[in-house]
Amino acid sequence: MYHYQLQNRNGGHQKGHLIKVTGEGEIAVQPDLASVNLGIITEGKELIPAQQQNAIQNTKVIQSLVELGIPQSHIQTFDYRIESDYDYEQGKQIFKGYKVTHILQVKIEDLTMIGKVVDNAVQNGVNYVSNIQFTLNNKEPYYQRALVMAVNNAIGKAKTIADSINVTLIPTPSLIVEGSIPIQPYSYQPETMVKAMSTTPLEPGQLKIKANISAEFHYRLI
């Protein structure tokens, strides 16, 4: 949109001609980092044995991931909880036992290893897989490129508007305000109870890096 009256920064008004536009930029990038949640859920009538079984399986899974080449620093606890489990018969709550859940979040830098990591974890006791996400180690250079595209997009819009109303655009903007668009990871979302898997195919796809701005341009009457 364009305006014929410009409000100055001191609260008054000065004569001037103004075009206000927004600009957008977007690029597609191949991700270079993945994360996946791998969980072990154990159930039992007694709490301590259920916890012990869970801990043994958890240790086995971590060891198997390290043997695959995943650094220990890339394996961390995402969630740990103990819940009471109940059955319901004829409207009555009957205690069934305990459920112990330990979920690990694993970061993977070699994306060709994702399927192998999941399969290996399942073979070593994981029975819950969720929240597979693909992202970037360093997003900033790509965002900067998208930002340049957004500025150029705004300049192009301002020129189009100026030409359409037969005025001369001053091509350097008097004001640019960067918008705020969070860079979202690409998610592979099925939340699955896993009993057995083999050669799991997981494709990373592409991330969309976006930037937007708002800009103000002055123009002169021809």
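Per chain, the residues get numbers from 1 upward, laid out in the order the sequence is written. With the structure being a predicted model, the display of local features is reserved for residues of pLDDT at least 70 and the display and counting of side-chain atom pairs for 80 or more, all residues being used for whole-chain, interface and lining totals. Water and hydrogen atoms were dropped before computing side-chain values, which therefore reflect all heavy atoms in the structure.

### Brief notes about the overall build of the protein
This is how the line gets drawn: Secondary structure elements are taken from DSSP: a helix is a run of H or I of four residues or more, a strand is a run of E of two residues or more, and numbering for both begins at the N terminus. Type-normalised accessible area, obtained with a 1.4 Å probe on protein chains alone, sets the label of each residue: buried when under 20%, exposed when over 50%, and partly exposed for intermediate values. We call two residues in contact when some of their heavy atoms are within 4.5 Å. A 1.4 Å probe and the Shrake-Rupley method give the accessible areas. Residues count as covered only by the protein chains that appear here.
What the protein contains, in helices and strands, is three helices and eleven strands. Each helix and strand of the protein, ordered N terminal to C terminal, gives the series β-β-β-α-β-β-α-β-α-β-β-β-β-β. Buried residues in the protein amount to 37% of all 222 residues. Long-range contacts, defined here as pairs at least 24 residues apart, represent 80% of the contacts in the protein between residues at least 6 apart. Of the roughly 13,100 Å² of accessible surface on the protein, 50% is carried by carbon and sulfur atoms.

### Structural notes on helix α1 (residues 47-67)
Our working rule: For a helix, the expected span equals 1.5 Å multiplied by the number of residues minus one. Directions from the helix axis toward the C-beta atoms define the arc.
In a regular helix each residue adds 1.5 Å, so 21 residues correspond to 30 Å; α1 covers 30 Å between its end C-alpha atoms and thus fits that length. Along α1, the positions that sit buried rather than exposed are A50, N54, N58, V61, I62, S64 and L65. Viewed end-on, α1 has its buried residues packed into an arc of 160°, placing them on one side of the element. Exposed residues lying more than 90 degrees from the buried face of α1 are I56 and E67. Contacts made by the buried residues of α1 are with β3 (33-44), β4 (75-89), β5 (92-108) and α2 (114-123).

### Digging into the side chain of N37
Mapping N37 onto the fold places it in strand β3. When its relative accessible area of 3% is taken as the criterion, N37 is described as buried.

### Brief notes about a nonpolar patch on the surface
In plain terms, the rule: Patches in this entry comprise residues that are over 30% relatively accessible and not in a salt bridge; like charges within 9 Å are linked, as are nonpolar side chains (Val, Leu, Ile, Met, Phe, Trp, Tyr) within 5 Å. Salt bridge, as used here: a side-chain nitrogen of Lys or Arg that lies within 4 Å of a carboxyl oxygen of Asp or Glu.
Judged by side-chain polarity, Y86, Y88 and F95 come together as a nonpolar surface patch covering roughly 330 Å² of accessible area. Positionally, F95 belongs in strand β5. For F95, a relative accessible area of 37% translates into the label partly exposed.

### Observations concerning helix α3 (residues 140-164)
Three- or four-residue spacings in an α-helix give side chains the same orientation, since the helix completes a turn every 3.6 residues. Along its 25 residues, α3 runs 36 Å from first to last C-alpha, staying within 8% of the 36 Å computed at 1.5 Å per residue. Looking only at α3, the buried set comprises Y143, A146, L147, A150, A154, I155, A158, I161 and A162. Once α3 finishes, N166 follows within two positions and takes phi at roughly 60°, a positive value.

### Concerning unusual backbone geometry
A positive phi angle, near 50°, is found at Q90, a position not held by glycine. Examined against the element boundaries, Q90 turns out to sit in the loop between β4 and β5. Look at Q90 and you get exposed, because its relative accessible area is 83%. If you check the backbone angles, N131 has positive phi at about 55° while not being a glycine. In this structure, N131 sits in strand β6 (residues 128-135).

### Let's talk about the packing of aromatic side chains
Two numbers describe a pair of aromatic rings. These are the distance of the centres and the angle of the planes. Defined as follows: Ring pairs are drawn from Phe, Tyr and Trp, using the six-membered ring of Trp, whenever the two centres fall within 6.5 Å, and their geometry is named by plane angle: stacked under 30 degrees, edge-to-face over 60, tilted for the rest.
Counted according to the given criterion, the structure contains two aromatic pairs. When the centroid spacing of 5.8 Å and the interplanar angle of 70° are considered together, the rings of Y86 and F95 count as edge-to-face. According to the relative accessible area criterion, Y86 is partly exposed, its value standing at 33%. Ring plane angle 70° and centroid distance 5.2 Å describe the contact between F95 and Y98, whose orientation is recorded as edge-to-face. Taken together, the ring pairs in this structure connect Y86, F95 and Y98 into an aromatic cluster.

### A few points about the confidence of the model for the protein
The condition that has to hold: The quantity known as pLDDT measures the predictor's confidence residue by residue, on a range of 0 to 100.
Per-residue pLDDT for the protein has a mean of 85; in total, 82% of the residues score no lower than 70. The secondary structure element of the protein with the lowest average pLDDT is strand β1 (residues 2-7), at 36, and the one with the highest is α1, at 96. Of the regions scoring below 50 in pLDDT, residues 1-15 engages in 31 contacts with residues more than four places distant in sequence or in other chains.

### A closer look at the pattern of salt bridges
Any two side chains of opposite charge can pair, given that their charged atoms come close. Inspection of the entire model under this criterion finds five salt bridges. Between K210 and E26 there is a salt bridge, with its nearest N and O atoms 3.9 Å apart. Of this pair, K210 sits in strand β11 (residues 207-221) while E26 sits in strand β2 (residues 13-29), placing them 184 residues apart in sequence. Residue classification places K210 among the partly exposed residues on the basis of a relative accessible area of 39%. Residue classification places E26 among the partly exposed residues on the basis of a relative accessible area of 38%. Across the pair R81 and D79 runs a salt bridge, and its minimum N-O distance is 2.1 Å. Overall, R81 belongs to the partly exposed group, its relative accessible area being 33%. What makes D79 partly exposed here is its relative accessible area of 25%. Through salt bridges with shared partners, one network takes in E26, K208 and K210.

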